Each structure stands twice: as C-alpha cells, then as structure tokens.
Amino acid sequence: MGERLKGRTVLVFGAGSSGPGWGNGKAAAVAFAREGANVAAVDLREEAAAETCGIIREEGGTALALAADVTRGEDVARAVAATVGAFGRIDVLHNNVGITAPGGPIEESEESWRRVIDTNITSVFLTCKHVLPLMVAQKKGAIVNVSSLAAIRWTGYPYFSYYASKAGLNQMTVAIALQHARDGVRCNAIMPGPMDTPLIRQQIVKFYASEEEMLAQRNAMCPMGRMGTAWDVANAAVFLASDEAGYITGVCLPVDGGVSCKVS
C-alpha cells in the first residue's frame, strides 16, 4: 500500500467492469485505494460498483459503492452528495464512463449519436458541474478524464460518434484546466491506445473472424508488440491525481505503447 493519496477522497464514475476481468475504471478505483484514498465507486450497475468496493475493502481500503446514470444530472448530484456525506470532501474526480457505437454519419442513427454524445461528453459536463464548486471552494482538486487515442486519430474502426465525443472530451479537459488553473484545480486526460480489457471482447471482436485473430492483430499494431492493460491506464491516473503531477494541467496524455508516434 502506498501513501500518495493518503487521506484524500476520489470519486470514480464508471468504476465497474463491463465483463470479467479488469476494466479501466475498476483498476483505477483499486489503484487509488492502494495509494491510501477513500474511494467512492460509481457505476450504472450497483452490483458492478459493489464488486469493485469489495476488492478495495478486502485489501484494507475504504470504499463506498453508488449507482448512477451519468447522463442524468439528478443522479450525478446524488452521487456527489453521498460522497461528501461519507467522506467530507472530494479531492479527485475520475471520469471513466464511455461507450462506442458502430457506423459513420450515414449509417449511425440519430438516437445512437445522441446516446454516445450524452454518455461520453454530457456526463463529464455534469460531473464537473457538481464537483468543481467543491474543488474551487477548497482551493485544490484534480480531475482525470479517460479519453482515447481515437480523439486524435483514426483507429481503424467505424465509430464516428466515438471519435467526435473523445475529441470533444480532450478540448473540454483543456478548457477546464485553463479556466480553473488559478483556483488550484488541475484537469488532465488519458488517451488509452489498444488495450486488452473486457470491453474489446464485447464491442471490438465483431470486426474480426475470431477473438484470437483480434488479439493477434491488436498486439501487432503496437510498437511494443502487445496491447496495454487497465493497470497501465490506472497507474497514469494515479500519477495525474497525485502531487507528483502538481505542475501538470491541460495535458491529454497518450498511454498507448507508442502507437500515436507511428506515421501509419
């Protein structure tokens, strides 16, 4: 157990996992706790949040499981209030919720477009709307948004609304960072590249003949010869949330094994 976040409260939206194993939000919540933080783990599915909190408690940490739909302001407000009620403050806000939908502007339905935008961007607007006043009042806070390499480049999958939403999230990150820099609030984003998480076995595998082919091709596209894991994202999140990153704000950090450095 570390102490980089000892005594601090971290509110994680999207703290469950979409399937067996370690998703980005689940790993981040546990990693925050391992550095001494009190963790409020929020997920759309209460059982997913409870699973993450169970792991934290088994390791001796402190965690609060909450259910919320991040596209609904009243749900977000309740989660924020419950966190403050349990721990007294919020020092770190971690926004991990994100979904994809197949299709370009021709194929994707208006309903699908709105669902992705609401989930990936409106959610961050709502969480920041309710958490930022607390951070501004205490003159300190850190926000870590989970974006994607899809925010800055084509990744090979026809996810039009996902590209748009993650690009928007990057610029939201910069805007928050600069507007609130003198309030003591830092805001950064992580852009994961190809990751080996439960999500790819649900949403990405359909673009391949088999799961084995998917894993082989995704590993091959990485300069390091392998995909990253949820722990790579979680470790970056802990760093950006900690005082070690105290002079870092407005950064959209690739965590991608070098993929973003490739010409093609």
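This is a predicted model, so every value here is computed, not measured.

### Quick word on the layout of surface pockets
Size it by volume and the largest pocket reaches roughly 1200 Å³. In terms of lining, the largest pocket is formed by 50 residues, of which the most central are G98, I99, Y162, L199 and Q203. Listing elements by their share of the lining of the largest pocket, those giving two or more residues are helix 1 (24-34), strand 2 (38-43), helix 5 (160-179) and helix 6 (200-204). Looking at the lining of the largest pocket, the element that brings in the most residues is helix 6, giving three residues. Counted by class, the lining of the largest pocket contains 23 nonpolar, 20 polar and seven charged residues. Estimated volume of the second largest pocket: approximately 270 Å³.

### Thoughts on the packing of helix 1 against helix 2 (residues 46-58)
As a packed pair, helix 1 and helix 2 sit with axes 10 Å apart at the nearest point and diverge in direction by 30°. It follows that helix 1 is roughly parallel to helix 2 by the angle criterion. Handedness of the crossing formed by helix 1 with helix 2: right-handed. Here helix 1 contributes K26, A29, V30 and A33 to the contact with helix 2, which in turn contributes E51, T52, I55 and I56. The class makeup of the residues in the contact of helix 1 with helix 2 is five nonpolar, one polar and two charged.

### Remarks on the state of the cysteines
Across all of its chains, the model carries zero disulfides by this definition. The thiol sulfur of C128 is not disulfide-bonded, and the nearest other cysteine sulfur, from C187, lies at 5.9 Å. Between C261, a free cysteine, and C222, which holds the nearest cysteine sulfur, the sulfur-to-sulfur gap is 12 Å.

### Remarks on the environment of G36
Along the polypeptide, G36 turns up in the loop between helix 1 and strand 2. Residue classification places G36 among the partly exposed positions, given a relative accessible area of 28%. Through-space distance from the C-alpha of G36 to that of T62 is 8.6 Å; in sequence the pair is 26 residues apart. G36 has contacts with G2, L5, K6 and G7, leaving out every residue within four places of it along the chain.

### Examining the packing of helix 4 (residues 110-138) against helix 5
It is at 8 Å that the axes of helix 4 and helix 5 come closest, and there the two elements cross at 15°. As the angle between them shows, helix 4 and helix 5 are arranged roughly parallel. The handedness of the crossing between helix 4 and helix 5 is right-handed. In this structure, helix 4 contributes W113, V116, I117, N120, I121, V124, F125, C128 and L132 to the contact, and helix 5 contributes F160, S161, Y162, A164, S165, K166, G168, L169, M172 and I176.

Procedures and definitions
- Residues numbered from 1 in each chain as written.
- Predicted model: local features only at pLDDT ≥ 70, side-chain atom pairs only at ≥ 80, totals over all residues.
- Heavy atoms only, no water.
- 1 Å grid on protein atoms, 1.4 Å probe; cavity = no way out; pocket = protein on both sides within 12 Å on 5 of 7 lines; lining within 4 Å.
- Points joined across faces, edges and corners; volume = space filled by probe spheres on them.
- Helix = DSSP H or I, 4+ residues; strand = E, 2+ residues; numbered from the N terminus.
- Nonpolar A, V, L, I, M, F, W, Y, C, P; charged D, E, K, R; others polar.
- Axes fitted to C-alpha atoms, helices over the stretch in contact; angles between N-to-C directions.
- Parallel < 35°, antiparallel > 145°, perpendicular 65-115°, else oblique.
- Left-handed = near helix turned anticlockwise from the far one by under 90°.
- Contact = heavy atoms within 4.5 Å.
- Disulfide = S-S within 2.5 Å.
- Buried < 20%, exposed > 50% of the residue type's maximum accessible area, 1.4 Å probe, protein only.

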